[in-house]
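Here are the chains, one letter per residue:
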Amino acid sequence: MSEKKFTTTSGIEIKEVYTEAKTTIEAPGEFPYTRGIQKDMYRGRLWTMRQYAGFSTAEESNKRYHYLLKQGTMGLSVAFDLPTQIGYDSDHEMAEGEVGKVGVAIDSLKDIEILFDGIELQKITTSMTINATASILLAMYIALAKKQGADIRQISGTIQNDILKEYAARGTYIYPPKSSMRIITDIFEYCSKEVPKWNTISISGYHIREAGSTAVQELAFTLANGKAYLNAALEKGLDINVFAKRLSFFFNCHNNFFEEIAKFRAARRMWASITKKLGATDEKAQMLRFHTQTGGSTLTAQQPLNNVIRVTNQAMAAVLGGTQSLHTNGYDEALSLPTEAAAKIALRTQQVIAFESGVTDTVDPLAGSYFVETLTDEIEAAAQLYIDKIDVMGGSVQAIENGYIQNEIAKAAYEYQVEIENASRIIVGVNKFTQEKEGINDVFTIDESIRTIQTEKLQQLKAERDAEAVAKALHDLTVAAKGTANLMPFILAAVEVYATLGEIADILRDVFGEY
């Protein structure tokens, strides 16, 4: 027997050999959905192959979207720049140096019209990675769908809209937690009536993991946040059997192959139990649907082509774990936004897994593995300990406000970095198998003139729009925000008369304050 102790990245000890597993396996598509939410999984329908893209201006991003759709992407996933994420127009002093950098710059409905030019919204699904300003971007998307003549009851997609993980791990929040939760539950209520096919929140573990958490922490804190959203919606009087069907999750997938697969299986089982305990009786309200993105923080700037192998490993784990949607990172993303070549090989990775590997031919092919079943149980038990502790504190909002979740992530991130530095954790090309000359020559760069272009577009927009209609819409939004009315119809009305994202966000800043 080996003397060395082996553990997962979450510190769960791995035995040398497994000879039994305690788990009783239910059939796929049956509560608690450990084996997948559909009876036939990928035999019936493959996961949605989504590629995350957005940079520079709406015109430039639109070209990339058309390119990806021609390459076989099934759905779009929009990245927004930081000013858009935190509610500043491109001409705001806080936007300097950031316009169009980590995503596309969106200042008004005019930009959304350009972003989706030539793309029929009723024929695709769109995922938007947006949180503090999610209500505004969703309103712009609905306004464009209406202009295209689409039936907004038929448009589908997802807004991330998960503000709790912003306070805990990422930082692009604007308003205090309670005001943010009001906006989120207003979106739940509005969409359940007006845009019923829209996923109103994607509860995100991705950024929790990117901030340095373990796999167990990612699972625990994500589901704890999910419970907080369920409770907030129930307090508003919404029906869990209606709104819970439109919640989805967004998980990370890192390099520890079996731990990641077990994490996804445990997630479904735990969420089914959480929703049932809170009163969900409809099967679809108990099912955890999730999108996966391969691990951005696992990509290395050293020997970047090694990232192709990392991404393949992670994508395979996501598929074996039963994801509904997948984004694969470009091999050059530790250096810049992905080039077209890197985006294409990332998409081809998914297509090779789907059509050549054979792993889609049967449902949950690792079920019954002594190791995978035991690890699923152990991850569930470890995550449940965290959730129980957060429940005692009063839930995620309180656990975030007192710094508990942030501190746990910070400790895990520190321990991980120590392991890399002392080489007890091997990162190929970084602390072992290194070489002096490495890298790639072709990286994606963003022109610094983007802010000037966006500022000129804003000036033209403000000169041409109906100033009285904008002033009235913003006044009506102010009154609504000070009261208890659902904010979505007022935000939509403001967007439709070309009020800018910054103007709308500033109205809510004035009423709610900044956090």
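Anything mentioned here points back to the structure above.
The structure displayed is predicted, hence computed values, not measured ones.

K.L.:
Help me understand the packing of aromatic side chains, please; the structure alone is not making it clear to me.
P.N.:
For the structure on display, the rule yields 20 aromatic pairs. Pairing Tyr-42 with Trp-47 gives two aromatic rings, centres 5.1 Å apart and planes at 75 degrees, and the pair type is edge-to-face. Judged by its relative accessible area of 10%, Tyr-42 falls in the buried class. According to the relative accessible area criterion, Trp-47 is buried, its value standing at 1%. With 5.8 Å between their ring centres and 70 degrees between their planes, Phe-251 and Phe-290 make a pair best called edge-to-face. Taken together, the positions of Phe-251 in strand β9 (residues 247–253) and Phe-290 in strand β10 (residues 290–294) put the pair 39 residues apart, joining distant regions of the chain. No difference in accessibility class separates Phe-251 from Phe-290, as the two residues are buried.

K.L.:
How should helix α6 (residues 177–194) be read in this particular structure?
P.N.:
An α-helical turn contains 3.6 residues, so any two residues separated by three or four positions project in the same direction. For α6, which comprises 18 residues, the first-to-last C-alpha distance of 26 Å matches the rise-based estimate of 26 Å (1.5 Å per residue) to within 8%. Along α6, 14 of the 18 residues are buried, which leaves the element largely enclosed by surrounding structure.

K.L.:
Looking at this structure, how should I read the environment of Arg-509?
P.N.:
Tracing the sequence through the fold places Arg-509 in helix α20 (residues 501–512). For Arg-509, a relative accessible area of 9% translates into the label buried. As for Arg-509 and Gly-87, which are separated by 422 residues in sequence, their C-alpha atoms are 9.4 Å apart. For Arg-509, the side chain forms a polar contact with the side chain of Asp-506, separated by 2.8 Å.

K.L.:
Sorry, what's going on with unusual backbone geometry here?
P.N.:
Residues apart from glycine generally show negative phi values, whereas peptide bonds are mostly found in trans. Cis geometry is adopted by the peptide bond preceding Pro-32, which originates at Phe-31 and carries an omega value of 0 degrees. Of note, Pro-32 is situated in the loop between β2 (13–14) and β3 (48–53). The phi angle at Tyr-33 is positive, at roughly 65 degrees, despite the residue not being glycine. Assignment of secondary structure puts Tyr-33 in the loop between β2 and β3. Its relative accessible area of 0% is what places Tyr-33 among the buried residues. Positive phi, normally seen in glycine, also occurs at Asp-364, with a value near 45 degrees. Relative to the elements of secondary structure, Asp-364 occurs in the loop between α13 (340–356) and α14 (370–393).

K.L.:
Quick question: what am I supposed to make of the pattern of salt bridges here?
P.N.:
Side chains that carry opposite charge are capable of pairing whenever their charged atoms lie near each other. Within the structure shown, the criterion is met by 27 salt bridges. Notably, a salt bridge pairs Glu-120 with Lys-123, separated by 3.3 Å at the nearest N-O pair. Of the charged contacts in the structure, one is a salt bridge between Asp-186 and Lys-236, with a shortest N-O distance of 2.8 Å. Within this pair, whereas Asp-186 is found in helix α6, its partner Lys-236 is found in the loop between α8 (215–235) and α9 (240–243), the two being separated by 50 residues in sequence. Linked through salt bridges whose partners overlap, the residues forming this network are Arg-35, Arg-265, Asp-364 and Glu-373.

K.L.:
Teacher, can you tell me more about helix α1 (residues 58–71) here?
P.N.:
The end-to-end C-alpha distance of α1 is 20 Å, a good match for the 20 Å that 14 residues give at a rise of 1.5 Å each. Buried residues of α1: Ala-58, Ser-61, Asn-62, Arg-64, Tyr-65, Tyr-67, Leu-68 and Gln-71, and no others. Positive phi shows up at Gly-72, right after α1, with a value of about 115 degrees.

K.L.:
Would you mind showing me how to read the pairing of strand β4 (residues 75–79) here?
P.N.:
Regular strands place side chains that alternate from one sheet face to the opposite one. Here β4 lies mainly inside the structure; 5 of its 5 residues are buried. What you see with β4 is no split at all: Gly-75, Ser-77 and Ala-79 on one side and Leu-76 and Val-78 on the other are buried throughout. Where β4 meets strand β5 (residues 125–129), 5 bridges bridge the pair, whose relative direction is parallel. Counted as the bridge partner of Val-78 is Met-128 from β5.

K.L.:
When you look at a nonpolar patch on the surface in this model, what are you seeing that I'm missing?
P.N.:
Taken together, the side chains of Ile-426, Val-428 and Phe-433 define a hydrophobic patch exposed on the protein surface, amounting to about 280 Å² of accessible area. Relative to the assigned elements, Phe-433 resides in the loop between α16 (404–421) and α17 (450–464). Judged by relative accessible area, Phe-433 falls into the exposed class, the value being 54%.

K.L.:
I tried to follow the packing of α1 against α13 on my own but got confused; where do I start?
P.N.:
Helix packing for two helices is described by the angle between their axes and how far apart those axes are. Where α1 meets α13, the axes come as close as 11 Å, and the angle between the chain directions of the two elements is 30 degrees. Judged on the interaxial angle alone, α13 and α1 are roughly parallel. The handedness of the crossing between α1 and α13 comes out as right-handed. Counting all contacts with α1, which are made through Arg-64, Tyr-67, Leu-68 and Gln-71, the residues of α13 involved are Glu-340, Ala-343, Lys-344, Leu-347, Arg-348 and Gln-351.

Thresholds applied
Residues numbered from 1 in each chain as written. Predicted model: local features only at pLDDT ≥ 70, side-chain atom pairs only at ≥ 80, totals over all residues. Heavy atoms only, no water. Phe/Tyr/Trp six-rings, centres within 6.5 Å; stacked < 30°, edge-to-face > 60°. Buried < 20%, exposed > 50% of the residue type's maximum accessible area, 1.4 Å probe, protein only. Helix = DSSP H or I, 4+ residues; strand = E, 2+ residues; numbered from the N terminus. Expected span 1.5 Å × (residues − 1). Polar contact = N/O pair within 3.5 Å; in protein donor to acceptor, adjacent residues only side chain to side chain. Salt bridge = Lys/Arg side-chain N within 4 Å of Asp/Glu carboxyl O. Pairing = 2+ DSSP bridges. Patch = residues over 30% accessible without salt bridge, like charges linked within 9 Å, V, L, I, M, F, W, Y side chains within 5 Å. Areas by Shrake-Rupley, 256 points an atom, 1.4 Å probe, with all protein chains shown as cover. Axes fitted to C-alpha atoms, helices over the stretch in contact; angles between N-to-C directions. Parallel < 35°, antiparallel > 145°, perpendicular 65-115°, else oblique. Left-handed = near helix turned anticlockwise from the far one by under 90°. Contact = heavy atoms within 4.5 Å.

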